[in-house]
Amino acid sequence: MVSELLGQERIIENKDWATLLFLFSFAVIAITKSTFENRFADFAKLIISDKYNKIYKDSSHLLSWFNIALVFVQFISISFFIQLILSYFGLASKYDWILFIQIATLCSTFILAKFLIEKIVGVTFDVEELIEQYNLQKVNYRTYVSLFLLPINMILYYVNNLPITLIYVLIALVLIANLLTYLNSLKIYQKFIIGKLFYFILYLCTLEIAPYYFVYYWLTKN
């Protein structure tokens, strides 16, 4: 009897860390919205209007407090989504907070390292302006998608036995959303890209395709 009670308490305790993180994420969004009211309003319309990208296209906005706060939420949301998808395929437990920390650390390290390498490549090949603006747009769209993932993550976390077809649909939608953001960025900067086409193709192969391939290879082998 005692062991059963301890087991139940452990399960409840394991769920609490996720609830706190969800609440923290929504609190950060609410504080950001109230602090940067006009900017957040433009950001919220990103899916239907390119006004936000035009107003905040300067690379200095990349490290603004607005972006830093929402990127932090982005890391939480993406890490949750990865762990939840793994759990639905029987590869992990969605209640494992240690695994979440590992995934979040891996994701943030990968994204930040990729950003720094891209910046170095941009300076080396004299395409720094393009890379920085391109990175800023990627951050904007990726953050936008991750905010939409938060309520989806909550459903995946608290609702058990969802149809596996639904999981495949969600994965497909996330991949399509990311693909569309890349295509939109390419469309916006097509004139600049054409002028430095060789360097951009080199950048695309080495820093947009190769890293994800190696991560996929490493995950499948381990």
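Here's a quick rundown of the structure. (Residues numbered from 1 in each chain as written. Predicted model: local features only at pLDDT ≥ 70, side-chain atom pairs only at ≥ 80, totals over all residues. Heavy atoms only, no water.)

Attention shifts here to the layout of surface pockets. Considering only enclosed or pocket space, the second largest pocket measures out at about 500 Å³ in volume. Put simply, the parts of the chain that give the lining of the second largest pocket at least two residues each are helix 6 (128-158) and helix 7 (164-188). Looking at which element gives the most residues to the lining of the second largest pocket, the answer is helix 7, with ten residues. Class assignment for the residues of the lining of the second largest pocket results in 16 nonpolar, three polar and two charged. (1 Å grid on protein atoms, 1.4 Å probe; cavity = no way out; pocket = protein on both sides within 12 Å on 5 of 7 lines; lining within 4 Å. Points joined across faces, edges and corners; volume = space filled by probe spheres on them. Helix = DSSP H or I, 4+ residues; strand = E, 2+ residues; numbered from the N terminus. Nonpolar A, V, L, I, M, F, W, Y, C, P; charged D, E, K, R; others polar.)

Taking 1.5 Å of rise per residue, 24 residues should cover 34 Å, and helix 4 (residues 65-88) covers 35 Å from first to last C-alpha, within 8% of that figure. Of all 24 residues making up helix 4, 18 are buried, and the element is well covered by its neighbours. Looking one or two residues past helix 4, Gly90 carries a phi angle of roughly 75 degrees, positive in sign. (Expected span 1.5 Å × (residues − 1). Buried < 20%, exposed > 50% of the residue type's maximum accessible area, 1.4 Å probe, protein only.)

Below, the discussion takes up unusual backbone geometry. Despite not being glycine, Asn161 has its phi angle at roughly 60 degrees, a positive value. Tracing the sequence through the fold places Asn161 in the loop between helix 6 and helix 7.

Our next topic: the pattern of salt bridges. Across all of its chains, the model carries one salt bridge by this definition. Between Lys51 and Asp42 there is a salt bridge whose closest N-O contact spans 3.6 Å. Relative accessible area serves as the criterion here: at 46%, Lys51 is assigned to the partly exposed category. Owing to a relative accessible area of 13%, Asp42 belongs among the buried residues under this scheme. (Salt bridge = Lys/Arg side-chain N within 4 Å of Asp/Glu carboxyl O.)

Purely geometric stuff here, so don't read any function into it on its own.
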